[in-house]
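# Secondary and tertiary structure notes
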Amino acid sequence: QHYYITNNLSPMMDSDVRILPDSDVDITKSRWGDLTFYTRFRHFFKLTDPTNCLKGNKKLDEAQDIVKQYKSDGTMPVGGVEALWSAKYLYESAFHPETGDKQNVIGRMSFQVPGGMVITGILMAFYKSPLEVFLGQWLNQSFNALVNFTNRSGDKPLPNSVILSAYFAATSLATGASIGLNKTLAPRAPPIVGRFVPFIAVAVANMVNIPCMRSQELKEGVVIVDAEGNKLGQSVTAAQRSIVSTTFSRICIAAPGMLMTPIIMEQLEKKPAIKALSKWKNCVLQTLLVGSFLLIAVPVGCSLFAQVQSIAVDDLEDDLKKAILAKDSSLKTVYYNKGL
């Protein structure tokens with residue numbers, strides 16, 4: 001049975017409790033399901049809401065208590081089902097789904113819009129000189145490395161050597177790609193082409209940064225579970241699939257703002273008032289434009305693939321496949337968390 005209590009941090013008294021009918025609310029899953037793109041979009045629109053990153057530790061801890069208590073004994077907060085769902089989404093926006101650890105604010109997906117819009121605005125306004133490129137890509141890859149580490153799949157800590165290798169590799173590649181394209185493409189192409197260089201550099205860097213930051217998964221695999229959530233082993237094949245889909249999603253998140261903003265700015269700068277703006281004011285304008293795209297692009301990118309992915313037992317590594325079939329020969333499909 002489920003219970004409402006007036007204060008979930010106080011001992012439960014008879015007068016505080018109202019017994020509800022058994023109408024289970026499964027907060028381990030999305031409120032809207034994840035079978036379609038639209039239902040996943042609704043889920044991630046709520047999860048990546050930028051206002052979530054403004055909530056203090058007290059609110060986050062209260063949300064964690066509500067979620068843990070409901071999972072433990074079905075006790076609901078006084079606000080009922082709506083309060084429970086709100087607590088679930090606030091909790092999941094700030095705590096790692098597998099380790100349960102509170103994530104650093106900058107690495108949370110709810111910080112993608114404010115963090116991403118500022119960094120992307122800088123990248124797109126300052127992209128011409130090698131120093132501007134280096135500083136912009138260093139800032140961007142520092143942010144990306146933190147986001148990728150914070151939202152990794154699995155519960156094993158990464159060695160510092162792996163984190164530093166990924167960080168330096170991605171920064172070097174992104175900087176090299178930007179400077180190289182600026183020197184080869186920009187002088188021969190129309191001015192607008194130069195504005196697309198930061199996006200190409202970001203795409204290249206993501207292809208390096210994400211696999212490097214999640215290299216432990218490529219060595220040891222991600223956790224594989226059955227439909228009931230029972231751990232069956234770890235799969236490198238599933239890890240490879242999760243990293244490919246995550247990399248694609250991240251590039252899709254960056255694409256609208258970094259591809260559309262240059263086109264819009266090219267038209268706006270034909271107006272004398274906009275053309276007369278200082279570089280920093282121009283940066284602010286581009287930051288606001290990118291932010292408007294990211295508000296939709298972040299949940300869209302996260303929604304392209306279901307968070308919990310399925311994989312056929314026959315597609316797993318031979319040793320893992322044999323171990324699973326030895327326990328249950330009828331099992332055809334297993335599942336894993338792809339990470340964000």
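Our subject is the structure that appears above.
Everything numeric here is computed off the predicted structure, so don't read it as measured data.

### Section: the pattern of salt bridges
On inspection of all chains with the given rule, the structure shows seven salt bridges. Here Lys88 and Glu92 are joined by a salt bridge, their closest N and O atoms 2.8 Å apart. With Lys88 and Glu92 both in helix α3 (residues 81-94), this residue pair falls four residues apart, about one helical turn. One salt bridge connects Asp315 with Arg241, and the closest N-O pair in it is separated by 3.5 Å. In this pair, Asp315 sits in the loop between β6 (308-312) and α12 (318-327) while Arg241 sits in helix α9 (residues 236-268), placing the two residues 74 residues apart along the sequence.

### Brief notes about the packing of aromatic side chains
Inspection of every chain in the model, using the stated rule, returns eight aromatic pairs. Members of the aromatic cluster, each reached through a chain of ring pairs, are Trp32, Trp85 and Tyr89. Here Lys88 stacks its cationic end above the ring of Tyr89, 5.3 Å away from the centre of that ring.

### Examining a nonpolar patch on the surface
Together, Leu131, Phe134, Leu135, Trp138 and Leu139 line one region of the surface with nonpolar side chains, adding up to about 480 Å² of accessible area. Judged by relative accessible area, Leu135 falls into the partly exposed class, the value being 45%.

### Here's the deal with the pairing of β6
Burial of the side chains of β6 is restricted to one face: Gln309 and Ile311 are buried, whereas none of Val308, Ser310 and Ala312 on the reverse face is. In this structure, β6 lies alongside strand β7 (residues 333-337), joined through five bridges in antiparallel fashion. Considered in β7, the bridge of Val308 is made with Asn337.

### Examining empty space enclosed by the protein
For the coordinates displayed, the defined rule picks out two cavities of 30 Å³ or more. Volume-wise, the largest cavity comes out at about 240 Å³. Lining the largest cavity are 18 residues, and of these Gln112, Thr120, Asn144, Ile253 and Ala254 lie nearest its centre. Mapped onto the lining of the largest cavity, the elements with two or more residues apiece are α4 (112-125), α5 (130-150), α7 (191-213), α9 and α11 (279-303). Here the residues of the lining of the largest cavity sort into ten nonpolar, seven polar and one charged. As a volume, the second largest cavity reaches approximately 40 Å³. Lining the second largest cavity, in full, are Leu123, Phe126, Tyr127, Val133, Gln137, Ser178, Asn182, Val197 and Pro198. Contributions of two or more residues to the lining of the second largest cavity are made by α5, α6 (160-184) and α7.

### A closer look at the environment of Ser110
For Ser110, the location among the structural elements is in the loop between α3 and α4. Not counting the four nearest positions on each side in its chain, Ser110 is found in contact with Leu47, Thr48, Asp49, Pro50, Asn52, Cys53 and Ser93.

### Section: the layout of surface pockets
If you add up the space inside the largest pocket, you get close to 1300 Å³. Along its surface, the largest pocket is lined by 42 residues, and Thr28, Pro97, Gln307, Val308 and Asn337 are the ones closest to its centre. Listing elements by their share of the lining of the largest pocket, those giving two or more residues are α1 (37-47), α2 (57-73), α3, β4 (222-225) and β7. A breakdown of the residues in the lining of the largest pocket according to their chemical character gives 15 nonpolar, 14 polar and 13 charged.

### Topic: the pairing of strand β5 (residues 231-235)
Note that β4 and β5 share four bridges and pair antiparallel. Each residue of the ladder has a partner; that of Val222, found in β5, is Ser235. Counted between consecutive antiparallel strands, the loop separating β4 from β5 contains five residues, among which Gly229 sits at a positive phi close to 90°.

Reading guide: rules and limits
- Residues numbered from 1 in each chain as written.
- Predicted model: local features only at pLDDT ≥ 70, side-chain atom pairs only at ≥ 80, totals over all residues.
- Heavy atoms only, no water.
- Salt bridge = Lys/Arg side-chain N within 4 Å of Asp/Glu carboxyl O.
- Helix = DSSP H or I, 4+ residues; strand = E, 2+ residues; numbered from the N terminus.
- Phe/Tyr/Trp six-rings, centres within 6.5 Å; stacked < 30°, edge-to-face > 60°.
- Lys NZ or Arg CZ within 6 Å of the ring centre and 35° of its normal.
- Patch = residues over 30% accessible without salt bridge, like charges linked within 9 Å, V, L, I, M, F, W, Y side chains within 5 Å.
- Areas by Shrake-Rupley, 256 points an atom, 1.4 Å probe, with all protein chains shown as cover.
- Buried < 20%, exposed > 50% of the residue type's maximum accessible area, 1.4 Å probe, protein only.
- Pairing = 2+ DSSP bridges.
- 1 Å grid on protein atoms, 1.4 Å probe; cavity = no way out; pocket = protein on both sides within 12 Å on 5 of 7 lines; lining within 4 Å.
- Points joined across faces, edges and corners; volume = space filled by probe spheres on them.
- Nonpolar A, V, L, I, M, F, W, Y, C, P; charged D, E, K, R; others polar.
- Contact = heavy atoms within 4.5 Å.

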